[in-house]
Amino acid sequence: MTSPAAVIVLAAGAGTRMKSATPKVLHRIGGRTLVGHVLATARGLAPDHLVTVVRHERDAVVAHVAEVDPAAIVADQDDIPGTGRAVQCALEALDARTPAPVEGAVVVLAGDVPLLDTGTLAALLEAHEADGNAVTALSTEVDEPTGYGRIVRDADGTVTGIVEEKDANPEQRAIREINASIYVFDAAALREGLGSVGRDNAQGEVYLTDVLALARRSGRRVAAIVAEDSILVEGVNDRSQLATLGAELNRRTLQRWMLDGVTIVDPATTWVDVEVDLAPDVTILPGTQLHGATVVASGAVVGPDTTLTDVEVGEGATVTRTHGSLAVIGPHATVGPFSYLRPGTVLGEKGKIGAYVETKNAEIGAGSKVPHLSYIGDATIGEHTNIGAASVTLNYDGTTKHRTVIGSYVKIGGDTMIVAPVTVGDGAYTGAGAVLRRDVPPGALAVTPGNQRNIEGWVESRFPDSSAARAAAAADQHDPESDGDPA
């Protein structure tokens, strides 16, 4: 199979049935927009040119296309409605970029068909080339064809054309083979056909489908290849279809990973985006969502109830009941439960971020531990350091973020407040409840509270009728030291 001369992606529709301020083609499943899926599939054919036709919410769609496929050509559809006019606009934009009109195969795709894969398109293109067709359409058979264009064939099965639902007669509406709005055209036949297509139809549009009938009448060969897997060519028109195709895409994604050696304990509650990378012998526990460019190395266990976005999980690491984004978890490290890893978190090999810990822009060295109830932000921590419970790096002075540096083999006592910028040297200790405002030299003990002072009888004096006062009085009566009895 040779690469097509061009692929045209139609992304100009308003998508009114989505009832959304977001353009239909920018809604997401599996971590990509609908048009993002289609563009990725199109690129799999290695076309000479890729054109995206836009109109509704143009600026938003163009910005997204530039982000996901900067090399794509953008074509603006004018006020003339219809898929045929959209393709004409694409050809005009393409001609403006090339020294001569393109020749050969031109593939046309709908921008809202996210499950279509490159393999199916390649087979369609191969059949088109092998049979010398002027037009080859992709079709499928469904039990309920209402709303779709019908593939019309003559007695020997030869395709004679496609009729839209609103223009179909009762006999044609009974046809179960529907048009998938996916085509391969010979460029010359496409240009000739579009030059002859009018708008004399129920919707007053320039139908791309009319090109098939015109090609057939001119003696050119027209064919339709039936896709056995109907959901591959199903488009999205409303939120219900979006959810259905999203669930099916996820099911297929999980199935692929399980066949590649990943254990997914409960596929019904596990969601994995298409760009996530999982190694063999990874285990994904129930209630887990892996998004974006997350990478999980062999032997790691993720979940249950964990959401990771653009996170790198090292070999043999364990991540439990954690929310994380743009973070790195080293080999054999442990995270969770109930941890929050914000962007810039880097946990070293065999390190630990424990229960109810939040980290942000923090580098935590190999073997170091932040076991529980702490916030570590804008900090660098060396190796084999332990951060006591309820400790906080106070990094923000109201206008500027400052950085804390804690060395290796440091013991930070519980409830230590570190007012950045502060450096704690290697091997240093801090007493429980310390408030650090100055650097701590290596090997030093930093303590800040004064001596404890107890004010006897304060509660009974201040709150004489309170429950606390009565409890204290009762305790005094049973205290051997209060009546002179020997201990």
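Residues numbered from 1 in each chain as written. Predicted model: local features only at pLDDT ≥ 70, side-chain atom pairs only at ≥ 80, totals over all residues. Heavy atoms only, no water.

Caption draft 1: Geometry of the overall build of the protein chain. Assigned secondary structure in the protein chain consists of ten helices and 39 strands. Rg of the C-alpha trace for the protein chain: 33 Å, well past the compact-globule value of 23 Å for 487 residues, more than 25% over. For the C-alpha atoms alone, the extent of the protein chain along its principal axes is close to 115 × 50 × 45 Å. In the protein chain, which comprises 487 residues, the proportion classed as buried is 47%. Pairs at least 24 residues apart make up 40% of the contacts formed inside the protein chain by residues separated by at least 6 positions. Taken as a whole, the protein chain presents about 22700 Å² of accessible surface, with 51% of it coming from carbon and sulfur. Here the protein chain carries 39 positive and 63 negative side-chain charges, and the mean point of each set is 4 Å from the other. (Helix = DSSP H or I, 4+ residues; strand = E, 2+ residues; numbered from the N terminus. Rg over C-alpha atoms; globule rule 2.2 N^0.38 Å. Buried < 20%, exposed > 50% of the residue type's maximum accessible area, 1.4 Å probe, protein only. Contact = heavy atoms within 4.5 Å. Areas by Shrake-Rupley, 256 points an atom, 1.4 Å probe, with all protein chains shown as cover. Lys, Arg positive; Asp, Glu negative; His and termini not counted. Charge placed at Lys NZ, Arg CZ, Asp CG, Glu CD.)

Caption draft 2: The arrangement of the environment of T269 in detail. Mapped onto the elements, T269 comes out in the loop between β12 (263–264) and β13 (271–272). We classify T269 as partly exposed; its relative accessible area is 32%. A sequence separation of 19 residues divides T269 from T288, and the C-alpha atoms of the two residues are 6.9 Å apart. Filtering out sequence-adjacent residues up to four positions away, T269 remains in contact with P286, G287, T288 and Q289. In this structure the side chain of T269 is engaged in a polar contact, spanning 2.9 Å, whose partner is the side chain of D266. Side-chain polar atoms of T269 contact the backbone nitrogen of G287, separated by 3.0 Å. (Polar contact = N/O pair within 3.5 Å; in protein donor to acceptor, adjacent residues only side chain to side chain.)

Caption draft 3: Local environment of helix α8 (residues 239–259). With 21 residues, α8 should cover 30 Å at 1.5 Å per step; its first-to-last C-alpha distance of 30 Å lies within 8% of that length. On the buried face of α8, the contacting elements are β2 (28–29), α1 (34–43), β12, β13 and β14 (277–278). For α8, the side-chain oxygen to backbone nitrogen distance between the N-cap and S240 is 3.1 Å, and the N-cap itself is D238. In the segment just after α8, G261 is the residue with positive phi, at about 105°. (Expected span 1.5 Å × (residues − 1).)

Caption draft 4: Inspection of the packing of aromatic side chains at higher detail. Counted according to the given criterion, the structure contains three aromatic pairs. Note on Y183 and F185: the rings are 5.4 Å apart at their centroids and 40° apart in plane angle, and the pair reads as tilted. Across this residue pair, the class does not change: Y183 and F185 are buried. One Lys or Arg, R256, reaches over the ring of W257 and ends 4.7 Å from the middle of that ring. (Phe/Tyr/Trp six-rings, centres within 6.5 Å; stacked < 30°, edge-to-face > 60°. Lys NZ or Arg CZ within 6 Å of the ring centre and 35° of its normal.)

Caption draft 5: View of the layout of surface pockets. Roughly 1400 Å³ of internal volume is contained in the largest pocket. Looking at the largest pocket, it is lined by 44 residues, and the ones nearest its centre are K24, T83, D112, S181 and N237. Looking at the lining of the largest pocket, the elements with two or more residues in it are β1 (6–11), α3 (83–95), β6 (105–110) and β10 (177–186). Here the element with the most residues in the lining of the largest pocket is β10; it accounts for four residues. (1 Å grid on protein atoms, 1.4 Å probe; cavity = no way out; pocket = protein on both sides within 12 Å on 5 of 7 lines; lining within 4 Å. Points joined across faces, edges and corners; volume = space filled by probe spheres on them.)

Caption draft 6: Focus on the packing of α3 against helix α6 (residues 187–196). As a packed pair, α3 and α6 sit with axes 10 Å apart at the nearest point and diverge in direction by 130°. Classified by the angle their axes make, α3 and α6 are oblique. Read as a crossing pair, α3 and α6 show a hand that is left-handed. Together, G84, V87, Q88, L91 and D95 of α3 and L190, R191, L194 and G195 of α6 make up the contact between the two elements. Classifying every residue of the contact of α3 with α6 gives four nonpolar, three polar and two charged. (Axes fitted to C-alpha atoms, helices over the stretch in contact; angles between N-to-C directions. Parallel < 35°, antiparallel > 145°, perpendicular 65-115°, else oblique. Left-handed = near helix turned anticlockwise from the far one by under 90°. Nonpolar A, V, L, I, M, F, W, Y, C, P; charged D, E, K, R; others polar.)

Caption draft 7: Main features of the nonpolar core. Within the largest apolar cluster, 45 residues are counted, with the highest numbers of intra-cluster contacts made by L290, V296, V313, I329 and V424. Every element with two or more residues in this core is listed here: α8, β28 (358–364), β30 (375–381) and β36 (422–424). Of all the elements, β30 adds the most residues to this core, at three residues. Ignoring sequence-local partners within four residues, the contact set of V424 consists of V405, I406, G407, V410, I412, L436 and V440. (Core = buried A, V, L, I, M, F, W, Y, C linked by side-chain atoms within 4.5 Å.)

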